[in-house]
Amino acid sequence: MSGHSAAGEGAYEHEVKALLREAGVAVPRGVVIPCAGPDLDSGTAREPDVATPREPDSGAAKEPDFGARLDFGAAKELSEPLVLKAYGPGLTHKSEAGAVVLGLRHHQLAAVAGDLAKRLRPAGFLVEEQAEPGVELIVGLVRDPAFGPVLLAGLGGVWTEALRDTALRLCPISAADARRMLASLRGAALLDGWRGGPPVDVDAVVELLMTVGGPGGLWERLELGEFELNPVIAGPSGVIAVDARYLPDSAAAVTRDAAAPTSLPGRTVPAGPLDGRAVDDPPVTDFLPLFEPKAVAVVGASTSRPNFGNMFLGFYRDAGVPLVAVHPTADEVAGVPAVPSPAAAGVDYALVAVPAERCAEVLRQARGVAFVQVMSGGFGEAGRPRLEAELVAAARAAGTRLLGPNCMGVYCPRGGQTFVGGGIGPPGTIALISQSGGLAGEVIKVGERRGLAFSRVVTVGNAADVTPAELLRWLARDAETRAVGLYLEDPRDGRDLYAALRATELPVVLLAGGRTGQGRQAAASHTGGLVSDRRIWEAVAEQTGAALVSSQDDLIGVLAYFQAHGARAVQGEQVLVVGPSGGASVLAADAFDLAGVRLDPLPGDRLDALRGLGVVAAGNPLEVPVGPLGRAGLVTEVIGVLAGPYRDVVAHVNVLAFFTYGGGDGAEPLYAYARALAGAQRARPSTRITLVTRNGECAPPGVEDEVRRIAAEAGIPVYRSMEAAAVAVAAGGRHGIA
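Residues numbered from 1 in each chain as written. Predicted model: local features only at pLDDT ≥ 70, side-chain atom pairs only at ≥ 80, totals over all residues. Heavy atoms only, no water.

Where an unreviewed UniProt entry is consulted, the protein appears under the name CoA-binding domain-containing protein, with the organism given as Nonomuraea antimicrobica.

Moving on: the overall build of the protein. When helices and strands are tallied, the protein shows 23 helices and 28 strands. The buried share of the protein, taken over its 738 residues, is 56%. Considering only residue pairs separated by 6 or more positions, the protein has 71% of its internal contacts joining residues 24 or more positions apart. For the protein, the exposed area adds up to about 30,600 Å²; of that, 51% sits on carbon and sulfur atoms. (Helix = DSSP H or I, 4+ residues; strand = E, 2+ residues; numbered from the N terminus. Buried < 20%, exposed > 50% of the residue type's maximum accessible area, 1.4 Å probe, protein only. Contact = heavy atoms within 4.5 Å. Areas by Shrake-Rupley, 256 points an atom, 1.4 Å probe, with all protein chains shown as cover.)

Right, let's talk about the pattern of salt bridges for a bit. Scanning the model with the defined rule gives 38 salt bridges in all. Salt-bridge contacts for Glu697 lead to Arg720; the nearest nitrogen and oxygen are separated by 3.9 Å. Within this pair, whereas Glu697 is found in the loop between β27 (688-694) and α22 (703-713), its partner Arg720 is found in the loop between β28 (718-719) and α23 (722-734), the two being separated by 23 residues in sequence. Residue class for Glu697 comes out exposed when judged on its relative accessible area of 52%. Since its relative accessible area comes to 44%, Arg720 is described here as partly exposed. Between Glu704 and Arg720 there is a salt bridge, with the nearest N and O atoms lying 2.4 Å from each other. With Glu704 in helix α22 and Arg720 in the loop between β28 and α23, the pair connects residues that are 16 residues apart, well separated along the chain. Within this structure, Glu13, Lys17, Lys85, Lys94, Glu128, Glu228, Asp243 and Arg245 form a network of salt bridges that share partners. (Salt bridge = Lys/Arg side-chain N within 4 Å of Asp/Glu carboxyl O.)

Glancing now at the packing of helix α9 (residues 356-364) against helix α10 (residues 385-398). Where α9 meets α10, the closest approach of the two axes is 7 Å, and the angle between their N-to-C directions is 15°. In terms of axis orientation, α9 runs roughly parallel to α10. Handedness of the crossing formed by α9 with α10: left-handed. Taking contact as the criterion, the partners of Ala356, Glu357, Cys359, Ala360, Leu363 and Arg364 in α9 are, on α10, Leu387, Glu390, Leu391, Ala394, Ala395 and Ala398. Residue composition of the contact of α9 with α10, by class: nine nonpolar, no polar and three charged. (Axes fitted to C-alpha atoms, helices over the stretch in contact; angles between N-to-C directions. Parallel < 35°, antiparallel > 145°, perpendicular 65-115°, else oblique. Left-handed = near helix turned anticlockwise from the far one by under 90°. Nonpolar A, V, L, I, M, F, W, Y, C, P; charged D, E, K, R; others polar.)

Time to look at the nonpolar core. Judged by nonpolar contacts, the single largest core of 104 residues is most densely connected at Leu290 and Phe592. Among the elements that take part in this core, α23 stands out by supplying eight residues, more than any other. The residues contacting Leu290, other than those within four sequence positions of it, are Tyr349, Phe371, Leu403, Val410, Gln417, Val458 and Leu471. Counting 41 residues, the second-largest nonpolar core is a separate cluster that includes Val135, Ala178, Val212 and Ala241. (Core = buried A, V, L, I, M, F, W, Y, C linked by side-chain atoms within 4.5 Å.)

As summarised here, the arrangement of the five strands in space is β25-β24-β26-β27-β28, forming an open sheet in which the pairing is parallel. Each having just a single partner strand, β25 (622-623) and β28 make up the two edges of the open sheet. Of the strand pairs in this sheet, strand β24 (residues 574-579) and β25 are connected by two bridges, and their pairing is parallel. Bridging from a neighbouring strand, Gly579 pairs with Glu623 of β25. (Pairing = 2+ DSSP bridges.)

Okay, the environment of Leu137 next. In this structure, Leu137 sits in strand β5 (residues 135-144). Separated by 96 residues in sequence, Leu137 and Ile233 have C-alpha atoms that sit 6.4 Å apart. Every residue in contact with Leu137, bar those within four places of it in the chain, is listed here: Gly154, Leu155, Gly156, Leu191, Val205, Leu229, Asn230, Pro231, Val232 and Ala234.

We now examine the packing of helix α19 (residues 634-642) against helix α21 (residues 667-683). Put simply, α19 and α21 touch, their axes get as near as 8 Å, and they point 25° apart. With respect to each other, α19 and α21 are oriented roughly parallel. Here α19 and α21 pass one another in a crossing that is right-handed. For the pair α19 and α21, the contacting residues are Val635, Thr636 and Ile639 in the first and Tyr673, Ala676, Leu677 and Ala680 in the second. The class makeup of the residues in the contact of α19 with α21 is six nonpolar, one polar and no charged.

Right, let's get into the packing of aromatic side chains. Within this structure, the stated rule accounts for seven aromatic pairs. Ring pairs connect the aromatic residues Phe287, Phe291, Phe371 and Trp474, which therefore count as one cluster. (Phe/Tyr/Trp six-rings, centres within 6.5 Å; stacked < 30°, edge-to-face > 60°.)

On to unusual backbone geometry, then. Cys171 connects to Pro172 through a cis peptide bond whose omega is 0°. Summarising the element assignment, Pro172 is placed in the loop between β7 (166-170) and α5 (175-183). Its identity as a non-glycine residue notwithstanding, Ala334 has a phi of 55°, on the positive side. Residue Asn406 is not a glycine yet carries a positive backbone phi of 65°. Mapped onto the elements, Asn406 comes out in the loop between β17 (401-403) and β18 (410-411). Among the residues examined, Asn406 registers a relative accessible area of 31% and is labelled partly exposed.

Another point: the sheet that holds strand β14 (residues 336-339). A sheet is described by the order of its strands in space; here seven strands give the open sequence β13-β14-β12-β11-β15-β16-β17, paired in mixed fashion. Of all the strands in the sheet, just β13 (332-333) and β17 have a single pairing partner and so form its edges. As judged from the three bridges shared by strand β16 (residues 371-374) and β17, these two strands associate in the parallel manner. In the strand pairing of β17, Phe371 is matched with Arg401. Packing of α9 onto the sheet brings it into contact with β11 (296-299), β15 (349-352), β16 and β17, and relative to β16 it is tilted by some 170°.

When the terminal C-alpha atoms of helix α3 (residues 109-120) are compared, their 16 Å separation across twelve residues agrees well with the 16 Å that a helix rising 1.5 Å per residue should span. For α3, every residue scored as buried is listed here: Leu109, Val112, Ala113, Gly114, Leu116, Ala117 and Leu120. A positive backbone phi angle near 50° is found at Arg121, which sits one or two residues after α3. (Expected span 1.5 Å × (residues − 1).)

Moving on to the environment of Pro231. Here Pro231 is to be found in strand β8 (residues 224-235). Spatially, the C-alpha atoms of Pro231 and Glu136 are 5.4 Å apart, while their sequence positions differ by 95 residues. With sequence-adjacent residues up to four places away left out, Pro231 is seen in contact with Glu136, Leu137, Gly157, Ile240, Ala241, Val242 and Asp243.

Let us now look at α21. Its 17 residues give α21 an end-to-end C-alpha distance of 24 Å, which sits within 8% of 24 Å, the value for a rise of 1.5 Å per residue. Residues of α21 that are buried include every one of Ala667, Leu670, Tyr671, Tyr673, Ala674, Ala676, Leu677, Ala678, Ala680 and Gln681, and no others. On its buried face, α21 sits against α16 (552-565), α19, β26 (646-654), α20 (655-658), β27 and α22.

The next subject is the confidence of the model for the protein. Here the protein averages 85 in pLDDT, and 85% of its residues register 70 or above. When the criterion is pLDDT under 50, residues 517-528 qualifies, and its contacts beyond four places in sequence or with other chains add up to 36 contacts. (pLDDT = per-residue confidence, 0-100.)

The subject of this paragraph is the pairing of β27. Along β27, seven of the seven residues are buried, which leaves the element largely enclosed by surrounding structure. Sheet topology note: the β26/β27 ladder contains seven bridges and is parallel. Note that in β27 the partner of Ala651 across the bridge is Leu691. Of the pairings in the sheet, the one linking β27 to β28 comprises two bridges and is parallel in character. The residue of β28 that forms the bridge with Leu691 is Val718.

Have a look at this one:
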């Protein structure tokens, strides 16, 4: 069989189904009836290399009766009812083109084919047995530019575009991935039987997903492009793919493999790690000199006009790091000793702040410097990829690693590394990798204001050499780091990042920029249109255990939760929300529901004990009188009664009430409440307590800071909103902080 590969057309349906049949996927029985246009030989159908329909004559010539001259004798072995499908150039979407007719009998084939031929000028016809009705699904593959092959599954047929009820996973998937994909669909109940209908053979659906997207699956044999089975009919006795479409990557070289079971175009094996591990397990660079350099050089500071280089000289001088300036003529710059080249500086870290055109030459002079950070912009991000490539080549020639370009640098209190003013905060256990220097600076300063303490922060900018993936691998082994935050816009090597995320045992929170952009345009199948940047990141998070958040505030909030509770062994699986009554409890339930956290009912055997404390248990959230006139230790006693099934207890207070209804100093009752919670956390280390100070801005200056300090001493994170706390608790529960 000759493969079809017209530009933008891909393989014909019957060619794709031949591949499916070889792979063990059930497809309808059928026969192919090729046609050669008006000059079709009588009695014998032949298959053209490329179908080139002849334009009709300009006169009154009678249109030939295609159907009568086609031989449908081979279809007599097929059982009625039958499906007739025209195929050929321009018929990728056959249903929309009116190229599919259902429910036919044998004697109708010729006439219907003749009508289709007059209107569509096809290359031929596919006649198939019509499948039994069932639940219609879509199964597709597409190559994401960053993360490689991605599997899509969901409700198919006419529901594909109408409902867009699909799930994604990066290939290869596991059987557990396949089952979670199906369970996540809004229409998952259809698979279990709906309104008396028979349940679908879910095991057969899982087997199909594994055949397409699992280890050794079809995704490894196709040059994607796109690949789509839609619909797949799922029923109680199995699944059958009734329509199939394959479009090779138009940018890739089309290859042929004589050993392949079919001659579909583009049989290749995708590059990069395919199972969550690096293919060659490359050695991990020692990044300690990056974060804790013995000495630092600044290239680009001026003796006459202060610039960014001078600013960094000031930062490093204030931090007390051994420091040298690089200047072609001066002996010193702003009181800092100067040398003529980076190689003469005797340092293991150099910061470069000169115009983009001069950066490569600076790197060529950096032999002996372990890491060079190029702060300057004007490279790939400015449409100058050749200049960026020259920079990378210069770094390799000098034997140095390049950080950036277009990045702000490194922050590490232990090593005196900084790119932000206002002093260096305390050393801690939280790391951050960010493609944005500005955002990283905000996370540092705002995070420290809220009690975060950082181990390592690194900005990577364009990540032309040092990548987020290899930094994550190193941080995963760093004794000073207990959790990692990531802000990424372009992961550079998405497969490598995916492998690094799967390999790390540290809790990771991920914020991806640009997730709501237009994304990729649909090609000729539905699959391309259903795969967006946002959904790819969701799949990465789901498969790696990273917590995906949607804002900088949530990034800081989840890191605060990881810092407070990361080392705490927990019991139970449920979450309890407890605090004063009113609409706040209702809104709290909404916030946790939106975050994907289930608030289970209170255990029935504890209700009498709660009543003994004067608490009428109405549900979860549990309403407990908390305020300036309430008993500070009541919540502690409630937690004691309910200890056991709850891994997380979220206690919320209305700060406004303490300063409106207290009749005096509302701060002290609020402090007493915070101290009571701190005591409960110390007494019950297997329960993770979180405090929400609603309306905290209504407190006098300094009160929130003191509440936060009291809570932090006991390892309790504090949030201003229930929404922020819900996101953090969801991250801790789903991603293994135990």
